[in-house]
Amino acid sequence: MNNNPIGLFDSGVGGLTVLRSLQEVLPQENYIYLGDTARLPYGTKSKETIIRYALQCTDKLMEHNLKLLVMACNTVSSVALPALKEKYPHMDIIGVVEPGAQAACIASQKGHIAIIGTESTIRGKAYEHAILAINKHAKIVAKPSPLFVAMAEEGLIEGPLVEGIAAHYLDEIFKNTNAANTPDTLVLGCTHFPLFKKSIQNVVGNTVTLVDSAQTTAKAVQQLLKDKNHLRDSHDSQGSMRFLTTDDIAKFSQIGESFLGIPLKNNTVELVDL
Ligand code: DGL
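Below is a short write-up of the structure. No experiment lies behind these values; they were computed from the predicted model shown.

## Structural notes on the overall build of the chain
For step 1, the next point in the chain: When you go through the chain residue by residue, the secondary structure sums to 12 helices and 10 strands.
For step 2, the next point in the chain: Its C-alpha radius of gyration of 18 Å places the chain within 12% of the 19 Å reference for a compact globule of 274 residues.
For step 3, the next point in the chain: Here the C-alpha coordinates of the chain stretch approximately 55 × 40 × 40 Å along the principal axes.
For step 4, the next point in the chain: Within the chain, the fraction of its 274 residues that count as buried is 55%.
For step 5, the next point in the chain: Sequence separation of 24 or more characterises 76% of the internal contacts of the chain that already satisfy a separation of 6 or more.
For step 6, the next point in the chain: In the structure as shown, the chain presents an accessible area of about 12,100 Å², 50% of it carried by carbon and sulfur atoms.
For step 7, the next point in the chain: Put simply, the chain has 25 plus and 28 minus side-chain charges, and the middle of one group is 4 Å from the middle of the other.

## Details of the sheet that holds strand 8 (residues 209–212)
For step 1, the next point in the chain: Taking strand neighbours across the sheet as the criterion, the four strands line up as 6-5-7-8 in an open arrangement whose pairing is parallel. On the outer flanks of this sheet lie strand 6 (139–144) and strand 8, each paired with one strand and no other. The mean angle between the axes of side-by-side strands here comes to 20 degrees, regardless of whether they run parallel or antiparallel.
For step 2, the next point in the chain: Its contacts with the sheet place helix 5 (residues 97–107) against strand 5 (112–117), strand 7 (185–189) and strand 8, and it is angled at close to 160 degrees to strand 8.
For step 3, the next point in the chain: Each of strand 5, strand 6 and strand 7 is contacted by helix 9 (residues 160–174), which is oriented at about 160 degrees to strand 6, the strand it contacts most.

## Section: the site of the ligand
For step 1, the next point in the chain: In the vicinity of the ligand lie 13 residues, with Asp10, Ser11, Tyr42, Gly43 and Thr75 positioned nearest.
For step 2, the next point in the chain: Taking 290 Å² as the accessible area of the ligand by itself, protein coverage stands at 99%.
For step 3, the next point in the chain: Partitioning the shell around the ligand into residue classes produces five nonpolar, seven polar and one charged.

## Concerning unusual backbone geometry
For step 1, the next point in the chain: In the segment running from Leu40 into Pro41, the intervening peptide bond is cis, with an omega of 0 degrees.
For step 2, the next point in the chain: In this fold, Pro41 is placed in the loop between strand 2 (31–35) and helix 2 (47–62).
For step 3, the next point in the chain: Positive phi is not limited to glycine here, since Asn65 has a value of about 50 degrees.
For step 4, the next point in the chain: Here Asn65 falls in the exposed class, since its relative accessible area comes to 56%.
For step 5, the next point in the chain: We note that Lys125 has phi near 55 degrees; this positive angle belongs to a residue other than glycine.
For step 6, the next point in the chain: By secondary structure assignment, the location of Lys125 is in the loop between helix 6 (119–124) and helix 7 (126–134).

## Thoughts on the side chain of Glu128
For step 1, the next point in the chain: Among the structural elements, Glu128 can be located in helix 7.
For step 2, the next point in the chain: For Glu128, the residues in contact, after removing those within four places along its chain, are Ile115, Ile140 and Ala142.

## Thoughts on the packing of aromatic side chains
For step 1, the next point in the chain: In this structure the tally under the stated criterion is seven aromatic pairs.
For step 2, the next point in the chain: With a centroid separation of 6.3 Å and an interplanar angle of 55 degrees, the aromatic rings of Tyr33 and Phe243 are classed as tilted. Of this pair, Tyr33 sits in strand 2 while Phe243 sits in strand 9 (residues 241–245), placing them 210 residues apart in sequence. Just as Tyr33 is buried, Phe243 falls in that class too.
For step 3, the next point in the chain: For the pair Tyr33 and Phe252, a centre-to-centre distance of 6.2 Å together with 50 degrees between the ring planes defines the contact as tilted. Of the two residues, Tyr33 is situated in strand 2 and Phe252 in helix 12 (residues 249–260); the sequence distance between them amounts to 219 residues. The pair Tyr33 / Phe252 is uniform in exposure class, with both members buried.

## Description of the pattern of salt bridges
For step 1, the next point in the chain: Applying the stated criterion to the full structure yields 10 salt bridges.
For step 2, the next point in the chain: Between Glu29 and Lys67 there is a salt bridge, and its shortest N-O distance comes to 2.6 Å. Highlighted residues: Glu29 in the loop between helix 1 (16–25) and strand 2 and Lys67 in the loop between helix 2 and strand 3 (68–71), separated in sequence by 38 residues. In this structure, Glu29 and Lys67 share a single accessibility class: buried.
For step 3, the next point in the chain: Between Lys175 and Asp171 there is a salt bridge, with the nearest N and O atoms lying 3.6 Å from each other.

So, how was this worked out
Residues numbered from 1 in each chain as written. Predicted model: local features only at pLDDT ≥ 70, side-chain atom pairs only at ≥ 80, totals over all residues. Heavy atoms only, no water. Helix = DSSP H or I, 4+ residues; strand = E, 2+ residues; numbered from the N terminus. Rg over C-alpha atoms; globule rule 2.2 N^0.38 Å. Buried < 20%, exposed > 50% of the residue type's maximum accessible area, 1.4 Å probe, protein only. Contact = heavy atoms within 4.5 Å. Areas by Shrake-Rupley, 256 points an atom, 1.4 Å probe, with all protein chains shown as cover. Lys, Arg positive; Asp, Glu negative; His and termini not counted. Charge placed at Lys NZ, Arg CZ, Asp CG, Glu CD. Pairing = 2+ DSSP bridges. Axes fitted to C-alpha atoms, helices over the stretch in contact; angles between N-to-C directions. Near = heavy atom within 4 Å. Nonpolar A, V, L, I, M, F, W, Y, C, P; charged D, E, K, R; others polar. Phe/Tyr/Trp six-rings, centres within 6.5 Å; stacked < 30°, edge-to-face > 60°. Salt bridge = Lys/Arg side-chain N within 4 Å of Asp/Glu carboxyl O.

Written out as structure tokens, the structure is:
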């Protein structure tokens, strides 16, 4: 069981930021990652469609004897967690929303938290509910920021254009004349957004703490495996990584590298049909 892979899926390559964080804390684990690039983006789709796609991705990964499933997508985590848990009641499933919400509550001294994500994530209000479940007095402001997804897919992750878009979304929230009304914490509620950390921090200023749900999810996975005694033996060598995609392998590898932070060899990527 402990040698079985951790499965992750996302609408595309964005979830590789979660895999990257997981690899940092749990390098000895085996991973299998599915990116449904053929149907990206999920963030603009209806709840019903996102749930249907998420179930198909999960069914595919379940063919690989997973020991744990990570929904490495904020959109899916926001709307499809109950459906996945219902279909697979015995599987440990971790989404990125609850770990992100917990980290935001710890980081925020004022309890005033801003969230950015895709349209579906913001519309689903899962982050709000998760934050309010921890701190019922929290003050929350949430804003969809869909252009970041397209920019990340284009490999455009810094520079004046990126800062201009960041200002377009965030100035309204953070350039408030009354400092008491300004959040002190910003949740990057989308797998693509950690790539823009530098630019976003430049725009909101250093007094605002950015919460990256990829890092906090990796810690939640580590804790769960520890608690269940399911960690792969740390004396073993580096674990393996396998990738599945529903569209062009070369494109997945090329764009995926910037998300994963290490070269992604074409021969580790397999084309699958859902
Ligand atoms: N992976 C999605 C998320 O984290 C972003 C891309 C999409 O819209 O599919 O919300």
